Amino acid sequence: MAYIDYYKILGLNKDAKDEDIKKAYRKLARKHHPDLNPNDKEAHRRFQEINEANEVLSDPEKRKKYDAYGENWKHAEHYEQARQQQQYAGGSGQRMYDQEFSGDFGGEEGFSDFFESLFGRSRSGGHGGGGQVKFRGQDYNAELHISIKEAFHTHQHTLDVNGKKVRITIPAGIENGQIIKLKGHGGPGVNGGPNGDLYITFVVEEDPKFKRVGNDLFTTENIELYTAVTGGEVIIETLSGKLNLKVKPETQQGTKVRLKGKGFPIYKKEGQSGDLIVTYNVLLPTNLSKEEKELFRQLKELQKK
Amino acid sequence: MKNELFAITTYCTLHGVEQSFINSLKDEGLIEIIMENEDEFIEEEQLHDLEIYTRLHHEMGINTEGIDAIRHLVHKLREIQAELNSLKNRLKFYEEG
């Protein structure tokens, strides 16, 4: 746990006036505040630093303590205790020993261990204050990984949100990176205030057989040389079951076939789907018998004529 | 289902904001005020947005006209982010061949 230079974070000198601190904080807040930088983790992290710096430097008591102990923050509590004991006992003075502070990084309100070591977990009131302040609970963010097969169908999923089971319905067609908001499933409100919301970002895992582009699906199917040349039928696997495809005679390697409406369901548009594009991969025969080789050789001779 | 209502006077007291700020938000069309027995209320649905506007004004010194412009820009930003996400997914397909 290292010392944090709050003056440096706000771009100020140590003798900065209150007005300068307020101005610097507001300027940086307008740049990095999460309200103005949606889905930006770096901005959020930076804002937490700025917010903490402002929390300390804009509070006369905290600033005084921070300025007094600064880089000697590790000994702050003991110096405080010693000073209080001296005041109580009449100034005998006792030598204090070092003590390691420990704790989780980043409390509930996003303050660093350094801040909590100096000032504890309690936070001075923001605007308003008073014992019965009602605040909306904080918003939570979560990531949910699903397969392409799961994203293809509307299905239910149970999440564990801070020890609480939440059952959600995921509509078919959800896209990789899409964010869904679950109202009221965030942090509890304070003193009867409404709960925050839960934002879930979906990560749709890659599939070895199917590739998705928007609402279209792409897949490659192997077909035998004989089928490609003379035509026939092939059964293919899709995300909605098996399909029987007619292969035209003289189908070339790499031929693409578009199957309308057999692609990915369109999110929240029931009955509508994209297309499935099948690319044929013609397989050459292997382990030919003597007779087969001879027939191919005859075919080759016929081509020359 | 009827939305829960929050009294504007209570909101102002708890958050340390002035009634004039709420009035300016109403005049700008950013919030809707519901009158009941001559008291002003706001629906729970709008509370989240009102808290954002309060932060923009009190923490960042932005006036109501600015809040309106920011609201519009953030909305556009979210749309662009969604479109960018969709394009990234498509690009991944072509890069993989």
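Everything numeric here is computed off the predicted structure, so don't read it as measured data.

About the cut-offs
- Residues numbered from 1 in each chain as written.
- Chains lettered and ligands numbered in written order.
- Predicted model: local features only at pLDDT ≥ 70, side-chain atom pairs only at ≥ 80, totals over all residues.
- Heavy atoms only, no water.
- pLDDT = per-residue confidence, 0-100.
- Helix = DSSP H or I, 4+ residues; strand = E, 2+ residues; numbered from the N terminus.
- Contact = heavy atoms within 4.5 Å.
- Pairing = 2+ DSSP bridges.
- Axes fitted to C-alpha atoms, helices over the stretch in contact; angles between N-to-C directions.
- Patch = residues over 30% accessible without salt bridge, like charges linked within 9 Å, V, L, I, M, F, W, Y side chains within 5 Å.
- Areas by Shrake-Rupley, 256 points an atom, 1.4 Å probe, with all protein chains shown as cover.
- Salt bridge = Lys/Arg side-chain N within 4 Å of Asp/Glu carboxyl O.
- Lys, Arg positive; Asp, Glu negative; His and termini not counted.
- Charge placed at Lys NZ, Arg CZ, Asp CG, Glu CD.
- Buried < 20%, exposed > 50% of the residue type's maximum accessible area, 1.4 Å probe, protein only.
- 1 Å grid on protein atoms, 1.4 Å probe; cavity = no way out; pocket = protein on both sides within 12 Å on 5 of 7 lines; lining within 4 Å.
- Points joined across faces, edges and corners; volume = space filled by probe spheres on them.

Caption draft 1: Representation of the confidence of the model for chain B within the structure. Residues and elements named next belong to chain B. A residue-level look at chain B finds 96% of positions with pLDDT of 70 or above and a mean pLDDT of 89. Within chain B, helix α2 (residues 19-27) carries the highest mean pLDDT (94), whereas strand β1 (residues 5-7) carries the lowest (88). For this predicted complex, the interface confidence comes out at an ipTM of 0.77, alongside a pTM of 0.62.

Caption draft 2: Quick look at the confidence of the model for chain A. Residue and element names in this part refer to chain A. Here chain A averages 82 in pLDDT, while 82% of its residues score no lower than 70. Mean pLDDT across the elements of chain A bottoms out in helix α5 (residues 76-89) (59) and peaks in strand β11 (residues 276-283) (96). Long-range and interchain partners of residues 88-108, a stretch whose pLDDT sits below 50, account for 28 contacts in this model, where long-range means more than four residues apart. Long-range and interchain partners of residues 122-131, a stretch whose pLDDT sits below 50, account for 19 contacts in this model, where long-range means more than four residues apart.

Caption draft 3: Local environment of the sheet that holds strand β7 (residues 216-224) of chain A. Residues and elements named next belong to chain A. The four strands lie next to each other as β6-β7-β11-β10, forming an open sheet whose pairing is mixed. Because the sheet does not close on itself, it has two edges, and the strands there are β6 (211-213) and β10 (256-259). On average, each strand axis in the sheet is tilted by 30 degrees relative to the strand beside it, whichever way the strands run.

Caption draft 4: How the structure looks around a positive patch on the surface. Together, K23, K27, R30 and K31 of chain A give the surface a local cluster of positive charge. Checked against the element boundaries, K31 of chain A lands in helix α2 (residues 18-32).

Caption draft 5: Molecular detail of the environment of Y53 of chain B. All names here are of chain B. Here Y53 lies in helix α3 (residues 44-58). What makes Y53 buried here is its relative accessible area of 4%. Residues Y53 and T64, spaced eleven residues apart in sequence, show a C-alpha to C-alpha distance of 8.2 Å. What Y53 contacts, discounting residues up to four positions off in sequence, is F21, L25, L30, I31, I67 and R71.

Caption draft 6: Region of the structure containing empty space enclosed by the protein. All chains considered together, the criterion is met by one cavity of 30 Å³ or more. Roughly 250 Å³ of internal volume is contained in the largest cavity. In terms of lining residues, the largest cavity is bounded by 16 residues, among which N176, E206 and R212 of chain A together with N89 and K92 of chain B are the most central. Within the residue set of the lining of the largest cavity, elements represented by two or more residues are β6 of chain A together with α4 (64-96) of chain B. Among the elements that take part in the lining of the largest cavity, α4 of chain B stands out by supplying four residues, more than any other.

Caption draft 7: Molecular detail of the sheet that holds β1 of chain B. Residues and elements named next belong to chain B. Here three strands make up an open sheet; going across it, the order is β1-β3-β2 and the pairing antiparallel. Lying at the two open borders of the sheet, with one neighbouring strand each, are β1 and β2 (34-36). For this sheet, the mean inter-axis angle between neighbouring strands, taken without regard to orientation, is 45 degrees. Contacts between α3 and the sheet are confined to β1 and β3 (39-43), with β3 contributing the most and set at about 90 degrees to the helix.

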